[in-house]
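Summary of the model geometry
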Amino acid sequence: MTSPSSAPGDRARAVIAGIGSCLPPLVVTNTQVIARGNLDTTDAWITGRTGIHRRRLAGPAISTGDLATAAARAAIDSAGSAVPRPDLLLLATTTPDRPCPATAPEVAHRLGLGTVPAFDLAAVCSGFLYGLVTASALLRSGTCRAPLVVAAEKYSTIVDPFDRDTAPLFGDAAAAVALRLGNADEPGAVLETDWGSDGGGSDLITVAAGGSRLPATGIDTGIGIGIGTPGHGDRCFRMRGRQVYAHAVRRMTSSSEAVLATTGWRPEEVRAFIGHQANQRILDAVADRLGVPPRHRLGNIRDVGNTAGASVPLALADAAARHACAPGARTLLTAFGGGLTWASATLLWPDAPVRTTAPEPRPPLHDHQEVSPP
Ligand code: UT7
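Now for a quick tour of the structure. None of these values were measured; they are calculated from a predicted model.

1. A closer look at the packing of helix α1 (residues 30-37) against helix α2 (residues 43-50)
- Taken N-terminus to C-terminus, the directions of α1 and α2 make an angle of 120°; their axes are 9 Å apart at the nearest point. Comparing the axis directions of α1 and α2 gives the class oblique. Crossing of α1 against α2: the hand is right-handed. Residue-level contacts link N30, T31 and I34 of α1 to D43, I46 and T47 of α2.

Laid out in structure tokens, this is it:
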């Protein structure tokens with residue numbers, strides 16, 4: 001579903017004014033993933049079928065919130081003092097610190113943002129772009145002035161290290177953008193967006209346990225808890241790779257076509273194409289179908305693997321840090337993920353100095369200060 005075109009003369013757009021990213025320091029090679037899970041696969045299979053050579057993993061001391069806080073702080077630093085203090089924080093994640101409450105308010109608190117609205121958004125690998133669509137709309141409606149869109153994932157907590165089909169694919173990371181209101185001809189301007197979902201495919205990518213259908217504690221029959229207690233497999237991420245592959249190619253292609261049409265760009269005019277970093281073959285299939293030449297395809301799947309919701313902004317941050325494109329270049333972002341969900345956006349390549357940081361350990365919790373009644 002493509003977002004409605006703006007009214008004639010309405011040139012106001014969300015502009016990416018700051019970009020931050022955070023990668024945990026631990027680099028894990030394919031050989032190490034294979035050895036850890038005793039997987040019946042090879043480095044050659046993984047690199048040849050996915051393009052992934054290594055990934056970063058967070059380890060037990062670093063949470064999604066720690067990655068998110070660091071990336072968000074980096075995006076705020078990148079935006080500098082010209083951009084108003086963030087007044088909304090949106091965190092796209094499928095691996096929150098806890099099922100309840102959302103992770104976003106604590107991230108906002110750690111950033112010193114006071115009592116700004118903050119919420120999590122669960123759109124799996126389309127999370128960042130769902131967040132960008134949402135934040136852009138809130139900004140253009142006047143609901144906020146400077147939203148932060150953060151995407152952070154710690155898939156190492158849900159991926160089964162013994163599952164050959166998924167263990168080699170995922171990595172942990174976070175990335176964030178700081179937005180402000182600007183004009184459609186500025187570097188960083190988010191021009192048009194497209195998003196959609198198909199819940200008919202909700203069983204293709206799942207973590208079965210931990211929700212209301214299959215609680216982490218098992219099913220309460222009224223005579224005691226413990227019947228149907230989830231097993232190891234139920235608590236892990238599962239994906240029907242071959243089917244997901246076909247949906248991913250189809251949806252990212254059609255969504256990209258839709259947003260290019262709304263923007264009025266031909267695919268050959270795109271100077272930067274960044275798709276969800278799930279599989280290099282999927283990315284090439286989408287770009288080939290669209291007609292975006294190889295020299296304009298940007299990504300970092302080789303070094304970070306699939307970082308789910310964080311993958312698109314992480315690839316953007318990586319390419320921007322390398323000055324891979326000139327500010328203002330025509331850019332197409334597209335993503336696909338569990339749900340099923342997908343989303344795309346056209347924008348002008350940003351002109352923000354990318355900041356990259358290490359994860360931020362969570363400070364000790366203090367008792368919450370009661371607010372005195374007025
Ligand atoms: O981030 C959310 C979106 N995710 C995606 O878009 C990922 C989509 N899927 C994929 O990227 C690919 O399907 C995979 C990388 C997961 C698998 O690659 P593939 O080339 O599509 O393989 P396939 O699914 O067609 O499976 C071919 C064979 C199967 O064996 P059989 O059934 O033909 O006997 C798999 O069991 O390859 C097998 N296989 C593996 N073999 C060696 C699957 N994973 C592995 C592995 N090593 N790691």
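That covers the picture; the talk isn't over yet.
2. So, helix α8 (residues 280-290)
- Those residues of α8 not exposed but buried are I282, L283, A285, V286, A287 and L290.
- Its side-chain oxygen at 2.8 Å from the backbone nitrogen of R281, N279 defines the N-terminal cap of α8.
- Where α8 ends, the next residue or the one after it, G291, has phi of about 95°, a positive value.

3. So, helix α7 (residues 241-263)
- The end-to-end C-alpha separation of α7 is 32 Å, in line with the 33 Å expected for 23 residues at 1.5 Å each.
- Within the span of α7, buried status applies to V244, A248, V249, R251, M252, T253, S255, S256, V259, L260 and T263.

4. Comments concerning the pattern of salt bridges
- A complete count under the given rule lists 17 salt bridges for this structure.
- With its nearest N and O atoms 2.7 Å apart, the salt bridge here joins E106 to R362. One end of the pair, E106, is in helix α4 (residues 104-110); the other, R362, is in the segment after β14 (355-357), and 256 residues separate them in sequence.
- A relative accessible area of 18% places E106 in the buried class.

5. As for the state of the cysteines
- For the coordinates displayed, the defined rule picks out zero disulfides.
- With no disulfide partner, C22 has as its closest neighbouring cysteine sulfur the one in C125, 18 Å distant.
- The exposure class of C22 is buried, given its relative accessible area of 0%.

6. Section: the site of the ligand
- Taken together, 19 residues surround the ligand, and among them T41, R49, R242, N279 and N306 come closest.
- N279 places a side-chain nitrogen or oxygen 2.8 Å from an oxygen atom of the ligand.
- Interatomic distance of 2.9 Å between a side-chain N/O atom of R281 and an oxygen atom of the ligand.
- Sorting the residues of the shell around the ligand by element identifies α2, α7 and α8 as the ones contributing at least two each.
- No other element matches α7, which puts five residues into the shell around the ligand.
- Residue composition of the shell around the ligand, by class: eight nonpolar, six polar and five charged.

Definitions and limits used
- Sequence order as written defines the numbering, with residues in each chain counted from 1.
- Totals for whole chains, interfaces and linings use every residue, but because this is a predicted model, local features are given only for residues with pLDDT of at least 70 and side-chain atom pairs only at 80 or more, for both listing and counting.
- Side-chain numbers come from the whole structure's heavy atoms, not from hydrogens or water.
- Here an axis means a line fitted to C-alpha atoms, over the contact stretch when the element is a helix, while the angle between two N-to-C directions is reported on a 0 to 180 degree scale.
- The numbering of helices and of strands both runs from the N terminus, where a helix is a DSSP run of H or I of at least 4 residues and a strand a run of E of at least 2.
- Oblique is the label for any angle not covered by the other classes, which are roughly parallel (under 35 degrees), roughly antiparallel (over 145) and roughly perpendicular (65 to 115).
- Here is the rule for handedness: rotate from the far helix to the near one, and if that takes an anticlockwise turn smaller than a right angle the crossing is left-handed, while a clockwise turn gives right-handed.
- Contacts are residue-level and defined by heavy atoms, with any inter-residue pair within 4.5 Å sufficient.
- Note on exposure labels: buried denotes an accessible area under 20% of the residue type's maximum, exposed denotes more than 50%, and partly exposed covers the range between, all computed with a 1.4 Å probe on protein chains only.
- Definition of a polar contact: a pair of N or O atoms within 3.5 Å, with one able to donate and the other able to accept a hydrogen when the atoms are protein atoms, and with sequence-neighbouring residues admitted only if both atoms are side-chain atoms.
- Expected helix span is computed as 1.5 Å times (number of residues minus one).
- Each reported salt bridge corresponds to a side-chain nitrogen of Lys or Arg within 4 Å of a carboxyl oxygen of Asp or Glu.
- Here, the term disulfide refers to a pair of cysteine sulfur atoms separated by no more than 2.5 Å.
- In this text, near means that some heavy atom of the residue lies within 4 Å of the molecule or strand in question.
- Think of it as three bins: nonpolar holds Ala, Val, Leu, Ile, Met, Phe, Trp, Tyr, Cys and Pro, charged holds Asp, Glu, Lys and Arg, and polar takes everything else, Gly as well.

Purely spatial values, then, with no claim about function.
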